[in-house]
Amino acid sequence: MPNLQTFERAEYQQVKADLHRKILDRLDLEKLGRTPSDAAREEVLLLIRNTVNSEAVPLSFAERERLSREILDEIFGLGPLEPLLKDPSISDILVNRFDKVYVERGGKLERTGLSFKDNAHLMQIIDRIVSRVGRRVDESSPMVDARLADGSRVNAIIPPLAIDGACLSIRRFGRDPVTARNMLENKTMTEPMLELLSSMVKGRLNLLISGGTGAGKTTLLNVLSGYIPNSERIVTIEDAAELLMKQEHVVRLETRPPNIEGKGAVRQRELVINSLRMRPDRIVVGEVRGEEAFDMLQAMNTGHDGSLTTVHANSQRDALARVESMFSMANLNIPERAVRQQIASAIHGGSMKRAKCAVHFALPVSGPSSPTGWRQPVAGCALQYSIRAWRFEF
């Protein structure tokens, strides 16, 4: 009997699509919607197995079982992505096109043997992801940020911007969140670093966490947020909600893209302004990347001490330069000196997260003596701890 290896991929995908349609025709969707999730899956799986076994397809029992599971994933999950989402060793899932799926495992990219049937199949899965969080993606809005139920970050971009077909990127969140103890064991930071950073959070100092893509800014932000007292009211603001706050009194806000008419968008800046009227003890912005930097700094300077945020940058000084440039996006024509004084007054500390290599730390100095607003490490004024390439300064 021919096995799955001799079964052409296109033919196999066609058989799966045909069976999928037949099963959907037999399902009572209204009844299924009233059935508990686990019971519904078992009921549908039984129907799938019976349908697959009744078909004259040249597959062994194991291959028929695999086909049944794949069809179940098509109905209840994200199709070919489901096995990858269940693998805890995978940190990123990258779909370059329907037949090219890569994963990052242990810091290295590798191509998988999985694929979608065609571009339409991939688009169907993307639509399923974004519709669950009230977003859309089409030719008029070909880029979208979303999230999965477990908090994993999703980005999708489709034609005409993606030339070779729709692209999907998923940044996984571990099932067990990274803790401060994990960071110490992995030598991401030392005990003195953690003690100082945690003391700054407890002492209600404002922190700016910077780093490159995938460096772990959000992970560090999640760890530091754990030191916020449970008695305080926290308002979080994000483009796609991914912060995992452990406190009880948390209000989570998320931006909204424009509708099909190009109206109704709610940006981070508007959420920051609104959050000031919500009696927050602390404001946590997932990432500042535009004009909302002005309102964030204003909040830090007007009584909302202990706020946290992140920014993409290669160093502490680059982070401040980026904040300064984002400040100017508000088009308020504030003198450069006044902008720098605002930044130096608002941000009490900056932490630089470098993927797999370094964590740096610096404290600002108020006043115009430093052109960047940050204390320069000079002889006799720098305390350094070195583990491999890591350095800690203040």
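For every chain, the first residue of its written sequence is number 1, and the numbers climb from 1 along that sequence. The predicted nature of this model means local features are confined to residues of pLDDT at least 70 and side-chain atom pairs, given and counted, to a pLDDT of 80 or more, with totals for whole chains, interfaces and linings taken over all residues. Side-chain metrics in this entry use all non-hydrogen atoms of the structure; hydrogen atoms and water are not considered.

**Q** What is the right way to read the nonpolar core from this model?
**A** A general tendency of soluble globular proteins is for nonpolar side chains to be buried together. Ranked by internal contacts, the top residues of the largest apolar core, which has 29 residues, are I237, L253, V285, L297, I343 and I347. Secondary structure elements are taken from DSSP: a helix is a run of H or I of four residues or more, a strand is a run of E of two residues or more, and numbering for both begins at the N terminus. For this core, the secondary structure elements donating two or more residues are β8 (234-238), β9 (250-254), α10 (268-275), β10 (282-285), α11 (292-301), α12 (316-328) and α13 (336-346). By definition in these notes, contact holds between two residues if any of their heavy atoms fall within 4.5 Å. Those residues in contact with I237, other than ones at most four positions away along the chain, are L253, Q268, L271, V272, S275, I283, V284, V285 and G286. What is meant by a nonpolar core is a set of buried Ala, Val, Leu, Ile, Met, Phe, Trp, Tyr and Cys residues, joined one to another through side-chain atoms within 4.5 Å. Summary of the burial criterion: residues with accessible area below 20% of their type's maximum are buried, those above 50% are exposed, and those between are partly exposed, where the area comes from a 1.4 Å probe applied to protein chains only.

**Q** I tried to follow unusual backbone geometry on my own but got confused; where do I start?
**A** Note: most residues except glycine have negative phi, and most peptide bonds are trans. Each neighbour pair has its own omega, and for P159 with P160 the value is 10°, a cis peptide bond. Relative to the elements of secondary structure, P160 occurs in the loop between β5 (153-157) and β6 (167-171). Here R204, not a glycine, exhibits a phi torsion of approximately 60°, which is positive. Considering the arrangement of structural elements, one finds R204 in the loop between α8 (191-202) and β7 (207-211). The class for R204 is partly exposed, based on a relative accessible area of 26%. Of note, the phi angle at R279 is positive, near 55°, even though the residue is not glycine. Checked against the element boundaries, R279 lands in the loop between α10 and β10. Residue class for R279 comes out exposed when judged on its relative accessible area of 56%.

**Q** Even after reading the chapter, I still don't get the pattern of salt bridges, so can you show me in this structure?
**A** Between side chains of opposite charge, a pair can form as their charged atoms come close. Between Lys or Arg on one side and Asp or Glu on the other, a salt bridge is scored when a side-chain nitrogen of the former is within 4 Å of a carboxyl oxygen of the latter. Following the criterion strictly, the structure yields 17 salt bridges and no others. In this structure, the salt-bridge partner of D92 is R171, at a minimum N-O distance of 2.8 Å. Of this pair, D92 sits in strand β1 (residues 90-97) while R171 sits in strand β6; the two residues are 79 residues apart in sequence, bridging distant segments of the chain. R171 gets classed as partly exposed once you look at its relative accessible area, which sits at 24%. Of the charged contacts in the structure, one is a salt bridge between E110 and R105, with a shortest N-O distance of 2.4 Å. For R105, a relative accessible area of 28% puts it in the partly exposed group. One network of salt bridges, in which partners are shared, links R267, R269, E291 and D295.

**Q** I keep staring at the side chain of T310 and nothing clicks. Help me out?
**A** Assignment of secondary structure puts T310 in strand β11 (residues 308-312). In protein, a polar contact means a hydrogen-donor-capable atom and an acceptor-capable atom, both N or O and within 3.5 Å, with residues adjacent in sequence counting only if both atoms are side-chain atoms; elsewhere, any N or O pair within 3.5 Å suffices. From its side chain, T310 meets the backbone oxygen of G286 in a polar contact 2.5 Å long. Contact partners of T310, with chain neighbours within four places excluded, come to L208, I209, K217, L221, V285, G286, E287 and V288.

**Q** Help me understand the packing of α12 against α13 in this model?
**A** When two helices pack together, their arrangement is given by the angle between the helix axes and by the axis-to-axis distance. All axes are obtained by fitting lines to C-alpha atoms, using only the stretch in contact for helices, and the reported angles, taken between N-to-C directions, cover 0 to 180 degrees. Between α12 and α13, the shortest axis-to-axis distance is 10 Å and the interhelical angle comes to 125°. Comparing their axes, α13 and α12 come out oblique. Considering the relative orientation of α12 and α13, their crossing is right-handed. Between α12 and α13, the residues in contact are L320, V323, E324 and F327 and E336, V339, R340, Q342 and I343, respectively. Note on residue classes: Ala, Val, Leu, Ile, Met, Phe, Trp, Tyr, Cys and Pro are nonpolar, Asp, Glu, Lys and Arg are charged, and everything else, Gly too, is polar. Across the contact of α12 with α13, the residue classes tally to five nonpolar, one polar and three charged. Working definition: roughly parallel below 35 degrees, roughly antiparallel above 145 degrees, roughly perpendicular at 65 to 115 degrees, and oblique for all remaining angles. The hand of a helix crossing depends on one turn: near helix anticlockwise from the far one by less than a right angle means left-handed, and clockwise means right-handed.

**Q** Would you take a moment to explain the sheet that holds strand β3 (residues 108-111) for this structure?
**A** Hydrogen bonding along the main chain pairs the strands of a sheet, whether they run parallel or antiparallel. Read across the open sheet, the six strands follow the order β3-β2-β1-β6-β5-β4; overall the sheet is antiparallel. What marks the edges here is a single partner per strand, and that holds for β3 and β4 (143-147). For this sheet, the mean angle separating the axes of adjacent strands, direction not counted, is 15°. As paired strands, strand β2 (residues 100-105) and β3 are joined by four bridges and run antiparallel to one another. The residue of β3 that forms the bridge with V103 is E110. Should DSSP find at least two bridges between two strands, the strands are taken to pair.

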